[in-house]
Amino acid sequence: MNSQPAPAPAPAPTTPADNPVLRVAPASPAAAAAHFAASLAFHADVSDVASALAADGDPGFVVVDSRSTASWDQGHIPGAVHLPTALIPEQAAALLDPAVPVVTYCWGPGCNGATRAALALAQLGYQVKEMLGGFEYWAREGFAYETWEGSGRRAADPLTAPLDDADCGC
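Rules behind the numbers
Per chain, the residues get numbers from 1 upward, laid out in the order the sequence is written. In keeping with the predicted nature of the model, local features appear solely for residues at pLDDT of at least 70, side-chain atom pairs appear and are counted solely at 80 or more, and the whole-chain, interface and lining totals rest on all residues. By convention in this description, side-chain values take in all heavy atoms of the structure and omit both hydrogens and water. Each helix corresponds to a stretch of at least 4 residues labelled H or I by DSSP, and each strand to a stretch of at least 2 residues labelled E; elements are numbered beginning at the N terminus. Relative accessibility under 20% of the residue-type maximum defines a buried residue, over 50% an exposed one, and the middle range a partly exposed one, all with a 1.4 Å probe and only protein chains included. DSSP bridges decide pairing: two strands pair if at least two such bridges lie between them. Residue contacts follow a heavy-atom distance rule, with two residues in contact if any of their heavy atoms lie within 4.5 Å. Axis angles are defined between N-to-C directions and span 0 to 180 degrees, where every axis is a line fitted to C-alpha atoms and, for a helix, only to the segment in contact. Working definition: the arc comes from the directions between the helix axis and the C-beta atoms, pointing outward to the latter. Whether two aromatic rings pair depends on their centres lying within 6.5 Å, for rings of Phe, Tyr and Trp, where Trp uses its six-membered ring; planes under 30 degrees apart make the pair stacked, over 60 edge-to-face, and the rest tilted. Classification remark: right-handed applies to a crossover when, strands pointing away from the viewer, the course from the first strand over the helix to the second runs clockwise. Nonpolar cores are built from buried Ala, Val, Leu, Ile, Met, Phe, Trp, Tyr and Cys residues. Side-chain atoms within 4.5 Å join them into one set.

Looking at where T104 falls in the secondary structure, it is placed in strand β4 (residues 102-105). Exposure remark for T104: the relative accessible area of 0% places this residue in the buried category.

This part takes up the sheet that holds β4. One open sheet accounts for 5 strands, arranged β1-β5-β4-β2-β3; its pairing is parallel. The sheet is open, and its two borders are formed by β1 (43-45) and β3 (81-82), each paired with just one other strand. Lying on the sheet, helix α1 (residues 29-42) is in contact with β1 and β5 (128-132); it crosses β5 at an angle near 95°. Along the sheet, helix α5 (residues 113-123) contacts β4 and β5; its crossing angle with β4, the most-contacted strand, is approximately 150°.

Of all the positions in helix α2 (residues 46-54), only V46, V49 and A50 are classed as buried. End-on, the buried residues of α2 take up no more than an arc of 95°, which puts them together on one face. Looking at the buried side of α2, the elements it contacts are β1, β2 (62-65), β4, β5 and α6 (134-140).

Attention now moves to the packing of aromatic side chains. Aromatic ring pairs are defined here through the distance separating the ring centres and the angle between the ring planes. If you walk through the whole model with that rule in mind, you get 3 aromatic pairs. With a centroid separation of 6.3 Å and 75° between ring planes, the pair formed by W107 and F135 is classed as edge-to-face. You can see W107 sitting in the loop between β4 and α5 and its partner F135 sitting in helix α6, a full 28 residues away along the chain. Accessibility expressed as a relative area gives 7% for F135, which makes it buried. Here the aromatic rings of F135 and Y145 are separated by 5.6 Å at their centres, their planes lie at 80°, and the arrangement is edge-to-face. With a gap of 10 residues between them, F135 in helix α6 and Y145 in strand β6 (residues 145-147) connect regions that are remote in the sequence. Judged on exposure class, the residue F135 and its partner Y145 are both buried.

Attention now moves to the pairing of β5. Pairing of β1 with β5, which is carried by 3 bridges, proceeds in the parallel orientation. Looking across to β5, one finds that H43 is bridged to E130. You can see the chain leave β4, run along α5 and come back into β5, and the turn it takes is right-handed.

What follows concerns the nonpolar core. If you look at the biggest cluster of nonpolar residues, it comprises 17 residues, and the most contacted ones within it are V49, V63, I77, Y105, M131 and W138. At the level of secondary structure, the elements contributing two or more residues to this core comprise α2, β4 and α6. When neighbours within four sequence positions are excluded, V49 is seen to be in contact with A44, F61, V63, V103, M131 and W138. If you look at the next biggest cluster of nonpolar residues, it comprises 14 residues, including V81, A92, Y126 and V128.

The next point concerns the pairing of β4. The alternating pattern of β4 places V102 and T104 and V103 and Y105 on opposite faces, both of which are buried. Examined bridge by bridge, β4 and β5 share 3 bridges and lie parallel to one another. Looking across to β5, one finds that T104 is bridged to E130.

Quick look at the structure:
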């Protein structure tokens, strides 16, 4: 007499309709490659912007903070140009060289101000990328910033940046 319980039945295979991730099939590799290449043409991340700005010499782009003066005073990236989105049509030509690419930022991932600024600049003929994460992730990743009171820097948030290595491996 066998005292071992009968094995549990194998789980039914998951069908795409049951799986919220696969309910819409993934794109073909070629379509995915085109999409992600295009995404990189439109976006830069905080870490890459910081690395390029910290390197010796000209980074090859200018950073534009598209927020209000009150927001700028609370904290901004050192060397950024302050150009609120609403003022881009009238002030961009005086502040930016059309031959130099622009990287826009606003508060953070919950704000689309950098997207609106990038659109306004692109419509004026500027090459532009949006910095993902905005000022929030700049500060959270431990990069130096300036305020109306002077310079500041926070410890890196371990949920957003490596604590023991300058390179996240991305």
